[in-house]
Amino acid sequence: VAATVDISAKDRELMIQSEMSQLRCYLQKATAFFTEADIDGSGTLSLDEFKQHLRDQHVSAYFQALGLDVSQAELLFRLLDKDNS
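Residues numbered from 1 in each chain as written. Predicted model: local features only at pLDDT ≥ 70, side-chain atom pairs only at ≥ 80, totals over all residues. Heavy atoms only, no water.

Looking now at the packing of helix H2 (residues 47-54) against helix H4 (residues 73-80). Each packed pair of helices is defined by two parameters, the angle between the axes and the distance between the axes. Contact geometry for H2 and H4: axes closest at 10 Å, N-to-C directions at 135°. What the angle tells us is that H2 and H4 run oblique. Between H2 and H4 the crossing geometry is right-handed. Mapping the contact onto sequence places Leu47, Phe50, Lys51 and Leu54 in H2 and Ala73, Glu74, Leu76, Phe77 and Arg78 in H4. Split by residue class, the contact of H2 with H4 holds six nonpolar, no polar and three charged. (Axes fitted to C-alpha atoms, helices over the stretch in contact; angles between N-to-C directions. Helix = DSSP H or I, 4+ residues; strand = E, 2+ residues; numbered from the N terminus. Parallel < 35°, antiparallel > 145°, perpendicular 65-115°, else oblique. Left-handed = near helix turned anticlockwise from the far one by under 90°. Contact = heavy atoms within 4.5 Å. Nonpolar A, V, L, I, M, F, W, Y, C, P; charged D, E, K, R; others polar.)

And the structure:
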């Protein structure tokens, strides 16, 4: 019984580590997306910059791979823009 509990705990820890790794990877990609989209280098992202960046076929394909509908870009931008800047 103790061995089963140990195995279960190790499996759970591996699952957690895997999920954390995937989250870090996703965050790195999201950060890269927003950095690349900031065309004027201002440190902020306008809706126009956001839309222009989504016109890139690679970016559009990446969003589709994430299950995000590029045609809803403005809605997505508004959801992410917490301070309406």
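That covers the picture; the talk isn't over yet.
Let us look at the packing of aromatic side chains. The full count for this structure, using the stated rule, is four aromatic pairs. Ring centres of Phe33 and Phe34 lie 4.9 Å apart, and the angle between their planes is 80°; on these two criteria the pair is classed as edge-to-face. Given the relative accessible area of 7%, Phe33 is considered buried. Relative to Phe77, the ring of Phe50 has its centre 5.3 Å away and its plane inclined at 50°; by these criteria the two rings are tilted. Separated by 27 residues along the polypeptide, Phe50 in helix H2 and Phe77 in helix H4 bring together distant segments of the chain. Comparing Phe50 with Phe77 shows no difference in burial state: the two are buried. (Phe/Tyr/Trp six-rings, centres within 6.5 Å; stacked < 30°, edge-to-face > 60°. Buried < 20%, exposed > 50% of the residue type's maximum accessible area, 1.4 Å probe, protein only.)

Below, the discussion takes up helix H1 (residues 2-37). If you check H1, its first and last C-alpha atoms are 52 Å apart, about what 36 residues at 1.5 Å a residue would give, namely 52 Å. Every buried residue of H1 is accounted for by Ala30, Phe33 and Ala37. Elements that come into contact with the buried residues of H1 comprise H2 and helix H3 (57-65). (Expected span 1.5 Å × (residues − 1).)

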